[in-house]
Amino acid sequence: MTSQRICVIGLWHQGIVGAACLADFGYSVVAVDRDLQRINVLKQGKAPLYEPGLDELIQRGLSGGRLSFATDVAGAVQGTNHVWLMFDTPVNERDESDLTEIFATVEEIAPKLESDATLCVTAQVPVGTCDAIGDLIRLRRPRLKFSLAYIPENLRLGQAIERFKNPPLPVIGSDDVATLNRLEQLLGPFNAKWERVGLRTAEMAKHALNGFLGISITFANELGNLCDEVGADGHRLAEVLRLEPRIGPKAMLFPGLGFSGGTLARDLHTLRTLGDRHDVETPMLDGAWNSNQSQNDLVVRRLRKMFGNSLSGRHIAVLGLTYKPETSTLRRSAALEVIEGLVRAGATVSASDPRADRAEVKACTAFSFVENPYEAVKEADALVLMTPWKQYKDLDFEDIKARMKRPVVFDTANMWSAGDLVQRGFEYLDIGRGRRTEKAK
């Protein structure tokens, strides 16, 4: 197994997890990125973002001599059987994929690719991108024998290592049977039975998966909003619907805020763009997009209603800034979107988070950051829970109430007990439980 040498290019969440896991399988892995500071941190056995178990996995690969890090992208592909492009593809504010770095990297490595090397793309890219990558390599080196494959990445922050080693969507895409054979042999250590599809079908699979999840979340949120108005419990409704075999026990049907992070939005946008390009109407996708865009405004709308239709001069405390629990990144976090809406409405915001990357926090100017959640709620007119960290489950609400100007809690994650907080004298809001606003009697 160790005779196989793998080069992983692009080291953020996906690439670092992938490189560390492949090394843990026993392969010789060189992982490269142009960011020297990031590489220096990785060489010390530390990931630049938090993911449970990742530091230990990196350190095991380094100490075993199976994992190394470098900044020379072109040099790293020399003598390599397999090259994996594992960029976390950036998106702009319109949720459009930015492929600049991917194509620039292909331009850079094309002169150094070994004959018969396999280039495997796991970056999230629009359908047709792999064909464009192949055309670019052939333009630079017409006589080079190489193969292309696409594997839809399906990691989740906080669960990435487990999902990489046990992929829930085990799909290999290539238009060449020999490439599929070679990759399936390489992927033998994975706990999965791999499905073989064509290159474009594999690319489309990622769009389809995230589009379906996005529509499911949007459906659940709209149901939850209706449940709040008619007094039905959207969370019990979700539990009941999951009993139906045609829906299933893992369906994403629990009401809440809109999806964030750029991943689902990117693929919804990609599918809608494909519809525009090929003159195919996509009214369901368009509706899901528009509904999700407005769902995170729910926090401002409901707080405005509570405070007499204005948040001007109000102080709002926000607990939880990261995209989700068990990660440190703020990139495309719903909390930041909600905070921006609160500030536009005239409120001032203080915030706290136990693991948020402090460098990313410093780059944010819309709120004041404090380490201690109890300090964040001082003189606050309302407390909004955004990221349901387990550290927040058992807060001292008597202390919190004593510090607040007005004991209003908006539990967007539905983590706390409404009955308990109302009994303690809080005015309590949540999403989809059919409760509207509960006030202390």
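Scope of this entry: the structure provided in the associated data block.

Criteria and thresholds
- Each chain has its residues counted from 1, following the order in which its sequence is written.
- Only residues with pLDDT of 70 or above have their local features reported here, since the model is predicted, and side-chain atom pairs are shown and tallied only from 80 upward, although totals for entire chains, interfaces and linings are computed over all residues.
- The side-chain values count all of the structure's non-hydrogen atoms but skip hydrogen atoms and water molecules.
- Where helices and strands are cited, they refer to DSSP runs of H or I of at least four residues and of E of at least two residues respectively, numbered from the N terminus.
- Values of the radius of gyration come from C-alpha atoms, whereas the globule rule sets the reference at 2.2 Å times the count of residues to the power 0.38.
- Relative accessibility decides the category of a residue: with a 1.4 Å probe and only protein chains considered, values under 20% of the type maximum give buried, values over 50% give exposed, and everything between is partly exposed.
- Here, two residues are considered to be in contact whenever any of their heavy atoms come within 4.5 Å of each other.
- Here a pair means two rings of Phe, Tyr or Trp (six-membered ring of Trp) with centres within 6.5 Å. Their orientation is stacked below 30 degrees between planes, edge-to-face above 60, and tilted elsewhere.
- Note on criteria: charge over ring means Lys NZ or Arg CZ within 6 Å of the ring centre, with the direction from the centre no more than 35 degrees off the ring normal.
- When a carboxyl oxygen of Asp or Glu lies within 4 Å of a side-chain nitrogen of Lys or Arg, that pair is called a salt bridge.

Looking now at the overall build of the chain. The number of helices and strands found in the chain is 18 helices and 15 strands. Against the compact-globule benchmark of 22 Å for 441 residues, the chain has a radius of gyration of 24 Å, which places it among compact chains. The principal-axis extents of the C-alpha atoms in the chain amount to approximately 80 × 50 × 35 Å. By residue count, 52% of the 441 residues in the chain fall in the buried class. Considering only intrachain contacts with a sequence separation of at least 6, the fraction spanning at least 24 residues in the chain is 71%.

Counted under the stated rule, the structure contains 5 aromatic pairs. Measuring from ring centre to ring centre gives 5.3 Å for F164 and F190, while their planes differ by 50°; the resulting arrangement is tilted. Of this pair, F164 sits in helix 7 (residues 160-165) while F190 sits in the loop between helix 8 (177-186) and strand 8 (195-197), and the two are 26 residues apart along the sequence. Pair check on accessibility: F164 and F190 agree, each one buried. The class for F190 is buried, based on a relative accessible area of 6%. Here a set of aromatic residues connected by ring pairs shows up, and it is made of F25, F164, F190 and W194. If you follow R355 out to its NZ or CZ, it ends over the ring of Y50, 3.8 Å from the centre.

Okay, the pattern of salt bridges next. Going through the model one piece at a time under the given rule, you end up with 23 salt bridges. Here E184 makes a salt bridge to R196, at a shortest N to O gap of 2.8 Å. With E184 in helix 8 and R196 in strand 8, the pair connects residues that are 12 residues apart, well separated along the chain. For E184, a relative accessible area of 29% puts it in the partly exposed group. A relative accessible area of 38% means that R196 is categorised as partly exposed.

No statement about biological role is implied by the geometric values presented.
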